[in-house]
Amino acid sequence: MEVIGYMIHRSEMVQRLFLEHLWLIVVSVGIAILVGVFLGVLISYFKFLASPVLTICQVLMTVPSIAMLGLLLPFFGIGFQTGVIALILYSLLPIVRNTYSGIAEIDQAIIESARGMGMKDYRILFRVKLPLAFPVIMAGIRTATVMVVGIGAIAAYVGAGGLGELIFNGISRTNPPMIITGAIFVSIIAVAFDLLLGWAERAKTIKY
Amino acid sequence: MKKENIKLLAVTVAIFVTGLVMVYYVMENPTDSMVERMLSRENIWRAFREHLVIVGVSMAGALAVGIPGGILLSRPRFYYIGKVFENIVNIGQTVPSLAILALFYTILGLGFNTAVFAIWLYSILPILRNTFAGITSISDEVIESARGMGMTGRRILTRIELPLAAPIITAGIRTAIVINVGTATLATFIGAGGLGDLIVTGLSIRRNMIIITGAGLSALLAILLDFWIGQIKLRLVKW
Amino acid sequence: MIKIENLTKHFPGLDRPAVNKLSLEINEGEVCVLVGPSGCGKTTTMKMINRLHEPDEGEVYLNGKRASEMNQIDLRRGIGYVIQEIGLFPHMTIKENIATVPRELGWDRERINKRVRELLDLMGLDPEIYSDRRPAALSGGQRQRVGVARALAADPPVMLMDEPFAAVDPITRARLQNEFLRILDKMDKTIIFVTHDINEAIKMGDKIAVLREGELVQHSTPEELLDAPANEFVAQLVGRNRSIKRLHLIRVEDIIEEDADKYSVAAESGRKEIKDKLSESKVGALMVTDEQGCLLGRVDEQSLKKEGETAGELVDEIHDQVTADSTLNDSLSVMLESGEGYVPVVDEEKGFFRDIITLQDLLQEVRQG
């Protein structure tokens, strides 16, 4: 009850933080998709790079998020940019890995026949490889997004804004309704992205 | 010595040495007296010890519940309950770790026990789910031939089901441990200490050296544990 | 040996019983094939013998003892079991797979090792090479062999086989069937063999039990089944071309005349000898053999146009041959495959050339039937 009261009473602030949080996610994941798919495609052509790039991403992933934020802070300062950079780094692994494996798992016969029909390499990439790898890439984006929603909440601690502010301020002011509001909305965003992207993943999967 | 053992030893030693060198360096070269006080040997050791206890206790508890729980749910008579559970677990895993900690704080209050409890609960999920998924993904033919050859239920579990599910179960444990160590650094926010203490103190008094010490140690711990689990899997799964 | 009495099994949600009051007697050392369309209850019947399914009514007797009163685990350990997808354990080596039942029975290491070697030898798999491999490294045919070896491991008097050769290509299947029959000749096993393939049933079975909708339609020898189908259903199952089906029943060695000399030349024979013999050969070709009598290849008019003086120099490769214990139908498939009107027959154990068998020989057999 108290919580609902709080939400209504502070609806304007909650709404602002909610949108801030979404913006943080969209910007970071957006950039991570561009960089991650590019890297994934790159290492699918230069196979000797695959293992080192994937290992680096894997190690980055295991670094606890507050530690990562702490390590980046001296370089990028308090605020939005530190948060975005940390979030991009975390979303890279699932996207790079899935782009790479999505392309690697394509039946070689399909690539051969595309080549046999005289398609140029870049045409094969855009017309054959990427569309076929799409569901796998999408799964990577989904993993990345859901993970980044949670890390985005922690990024509030270094001044990146978003719903994490409610949680941290709520804890320091011992204000349970504030904490619960923050926690619930962050969870809603995470679950919603999970469902939405899961649906997109299935809808675009080609049925053989 | 075998090549894989050399790798195990080399990486382990490298991580330990990096950690020790870092700690030694910051203790010897503090930038000012505040840093010196925060980064005393006692302080660093206390934070590290608290961190290990949170991770150790919650992880041991998660293994003790997750694996037997997953086995139980995979029995034919619980299969449908298992499927329902799997969905609940999937949603539970989507909820961010900070939200979980915060929600349990509002119920159980500040402190070490709250943190361990919340992290324990959170770490059960991937272990439970993967144990269940690993066992139920084994093909019916394999189980049927084992039964047809007169293996008892217990023998089928220990000789066939668990070994075959081992790669998936260890993958779950690996996920759990990364999440676990990561969330343990957040325990400081609900007053449970750990390496997060150093990071948060460093952030609030704006001393990069303290942040880097806390962040570096927790990162190294996460990387080490992740590597170890990977190595265990490598030795367990030979086919 | 095995007596099935009034066996009935209902599965929840189905309006008719999967197996209905089935009675059947299987003598010691006999291969009894259960055949019928899918859903006829053949697999269910088989699984009630080792109690993977418990019957609702009726009883299975093994050597006069009620299966339902025996310890389930002991019962199963005494019955070899091979299923369609073989169910090899992917995490265990071939040796560990084969050793499963002996290990359950607590044999000592020495005895297990000896038995595994013996079985791999029997299956024509070199123990040095295959013992420590895992199933994923084997071909389909090799996996089937390991599956059979595993079932034979503790030397059970009874074996249950559920479409054991269904997952491989037709040529490999025919080879595996022949191998298995050969192995069976040396042991005294009672076998229940389930298949939906009537040709396989005719080939493998001493007795065939035709099942339909859970009931026994006919239980007889393959010959009787072909000569006197009990009703329209069995007649349809056997098919119209019953005389061709008979080809499954007759072995190559039963009809060849051992005319090895007439159709072969030694590798060191000269052109003259080849020409003389070639004019006598009714298939326009001769088999070339080495000093042990094993096949090296063939020569015909075309080969004589090549450079070289002896048969060994003129020889052309041949890919197709059948073993003497193959059925006539196997040789027909090989001929159709190769497009030739004949195929050389070799001894199944020693590998030497015994004769050739021609399309004419097969046609004659069909006409006689």
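Residues numbered from 1 in each chain as written. Chains lettered and ligands numbered in written order. Predicted model: local features only at pLDDT ≥ 70, side-chain atom pairs only at ≥ 80, totals over all residues. Heavy atoms only, no water.

### Concerning the overall build of chain B
Here is step 1 of the chain: A count of helical and extended segments in chain B gives ten helices and zero strands.
Here is step 2 of the chain: Counting helices and strands in the order they occur from the N terminus, chain B gives α-α-α-α-α-α-α-α-α-α.
Here is step 3 of the chain: The dimensions of chain B, computed from C-alpha atoms along their principal axes, are 75 × 50 × 20 Å.
Here is step 4 of the chain: Long-range pairs, those at least 24 residues apart, make up 77% of the contacts in chain B between residues at least 6 apart in sequence.
Here is step 5 of the chain: Counting every atom, chain B has about 10,900 Å² of accessible surface; 67% of that belongs to carbon and sulfur.
Here is step 6 of the chain: Between the averaged position of the 21 positive side-chain charges in chain B and that of its 13 negative side-chain charges there is a distance of 5 Å. (Helix = DSSP H or I, 4+ residues; strand = E, 2+ residues; numbered from the N terminus. Contact = heavy atoms within 4.5 Å. Areas by Shrake-Rupley, 256 points an atom, 1.4 Å probe, with all protein chains shown as cover. Lys, Arg positive; Asp, Glu negative; His and termini not counted. Charge placed at Lys NZ, Arg CZ, Asp CG, Glu CD.)

### Some points on the overall build of chain C
Here is step 1 of the chain: Secondary structure summary: chain C contains 19 helices and 16 strands in total.
Here is step 2 of the chain: Along the three orthogonal principal directions, the C-alpha set of chain C runs to about 75 × 55 × 30 Å.
Here is step 3 of the chain: When burial is assessed residue by residue, chain C has 52% of its 369 residues classed as buried.
Here is step 4 of the chain: Surface accessibility of chain C: about 16,900 Å² in total, with carbon and sulfur atoms responsible for 43%.
Here is step 5 of the chain: Averaging the positions of the 48 positive and the 67 negative side-chain charges in chain C gives two centres separated by 5 Å. (Buried < 20%, exposed > 50% of the residue type's maximum accessible area, 1.4 Å probe, protein only.)

### A few points about the packing of aromatic side chains
Here is step 1 of the chain: Applying the stated criterion across every chain, the model contains twelve aromatic pairs over all chains.
Here is step 2 of the chain: Ring geometry for Phe165 of chain C and Phe180 of chain C: centres 6.0 Å apart, planes at 65 degrees, overall edge-to-face. With Phe165 of chain C in the loop between β7 (158–162) and α8 (170–186) and Phe180 of chain C in helix α8, this residue pair connects regions lying 15 residues apart in the sequence. Note on accessibility: Phe165 of chain C and Phe180 of chain C belong to one class, buried.
Here is step 3 of the chain: Each residue in the set Tyr157 and Phe168 of chain A together with Phe189 of chain B is aromatic and connected to the rest through ring pairs, giving one cluster.
Here is step 4 of the chain: One cation-aromatic arrangement involves Lys3 of chain C over Tyr61 of chain C; the distance from NZ or CZ to the ring centre is 5.5 Å.
Here is step 5 of the chain: The ring centre of Trp107 of chain C lies 3.7 Å from the NZ or CZ of Arg111 of chain C, which sits over that ring. (Phe/Tyr/Trp six-rings, centres within 6.5 Å; stacked < 30°, edge-to-face > 60°. Lys NZ or Arg CZ within 6 Å of the ring centre and 35° of its normal.)

### Brief notes about the interface of chain C and chain B
Here is step 1 of the chain: Contacts between the two partners involve 23 residues from chain C, matched on the other side by 18 residues from chain B.
Here is step 2 of the chain: Both faces considered, chain C and chain B share a buried interface measuring about 2,000 Å² in area, 63% of it formed by carbon and sulfur atoms.
Here is step 3 of the chain: Ranking the residues of chain C by area buried against chain B places Phe89, His91 and Glu104 of chain C at the top, with a combined share of 27%.
Here is step 4 of the chain: Linking chain C with chain B are two salt bridges.
Here is step 5 of the chain: For Glu144 of chain B, the salt bridge is made with Lys47 of chain C, and the minimal N-O distance between the two is 3.0 Å. (Buried area = accessible area lost by both parts, 1.4 Å probe. Salt bridge = Lys/Arg side-chain N within 4 Å of Asp/Glu carboxyl O.)

### Quick notes on the interface of chain A and chain B
Here is step 1 of the chain: Opposite the 32 residues of chain A that make contact, chain B presents 31 residues.
Here is step 2 of the chain: Summing both partners gives a buried area of about 2,600 Å² for chain A against chain B, and 83% of it is carried by carbon and sulfur.
Here is step 3 of the chain: For the interface between chain A and chain B, the tally reads zero salt bridges.
Here is step 4 of the chain: At the surface where chain A touches chain B, the tally comes to zero residue pairs in polar contact (both at pLDDT 80 or more). (Polar contact = N/O pair within 3.5 Å; in protein donor to acceptor, adjacent residues only side chain to side chain.)

### Some remarks on the sheet that holds strand β12 (residues 285–289) of chain C
Residues and elements named next belong to chain C.
Here is step 1 of the chain: As summarised here, the arrangement of the three strands in space is β11-β12-β13, forming an open sheet in which the pairing is mixed. Sheet topology places β11 (264–266) and β13 (295–300) at the edges, where each strand pairs with a single neighbour. Taken pair by pair, the neighbouring strands of this sheet meet at an average axis angle of 35 degrees, ignoring direction.
Here is step 2 of the chain: Sheet analysis places β12 next to β13, joined by five bridges and oriented antiparallel. In the strand pairing of β13, Met287 is matched with Arg298. (Pairing = 2+ DSSP bridges. Axes fitted to C-alpha atoms, helices over the stretch in contact; angles between N-to-C directions.)

### Description of the arrangement of the chains
Here is step 1 of the chain: The assembly contains two pairs of chains in contact; the pair sharing the most contacts is chains A and B.
Here is step 2 of the chain: Regarding chain A and chain C, the two do not touch, and the least distance separating their C-alpha atoms is 19 Å.

### Focus: the sheet that holds strand β4 (residues 57–62) of chain C
Residue and element names in this part refer to chain C.
Here is step 1 of the chain: Reading across the sheet, the four strands line up as β2-β1-β4-β5 and stay open at both edges, with antiparallel pairing between neighbours. Only two strands of the sheet have a single partner each, and these edge strands are β2 (19–26) and β5 (65–66).
Here is step 2 of the chain: Inspection of the sheet shows strand β1 (residues 2–9) paired to β2 by five bridges, in the antiparallel sense. Bridge pairing in β2 links Ile2 to Ile26.
Here is step 3 of the chain: Where helix α1 (residues 42–49) meets the sheet, it contacts β1, β2 and β4, and its direction lies at approximately 120 degrees from that of β1.

### Remarks on the pairing of β1 of chain C
Here is step 1 of the chain: Sheet topology places β1 of chain C next to β4 of chain C; five bridges connect them, and they run antiparallel. Its bridge partner lying in β4 of chain C, Lys3 of chain C is registered against Tyr61 of chain C.

### Some points on the environment of Glu96 of chain C
Residues and elements named next belong to chain C.
Here is step 1 of the chain: Position of Glu96 relative to the elements: it lies in helix α3 (residues 94–98).
Here is step 2 of the chain: Note on Glu96: relative accessible area 28%, which makes it partly exposed.
Here is step 3 of the chain: Taking the C-alpha atoms as reference points, Glu96 and Ile2, 94 residues apart in sequence, are found 30 Å from one another.
Here is step 4 of the chain: Once residues lying within four places of it in the same chain are set aside, the contact partners of Glu96 are His91, Arg103 and Arg134.

### Quick notes on the side chain of Arg354 of chain C
Here is step 1 of the chain: Tracing the chain through its elements places Arg354 of chain C in strand β16 (residues 353–358).
Here is step 2 of the chain: Ignoring any residue separated from it by four or fewer positions in sequence, one finds Arg354 of chain C in contact with Glu253, Ile256, Glu258, Asp259, Ala260, Ala324, Val345, Val346, Asp347 and Glu348 of chain C.

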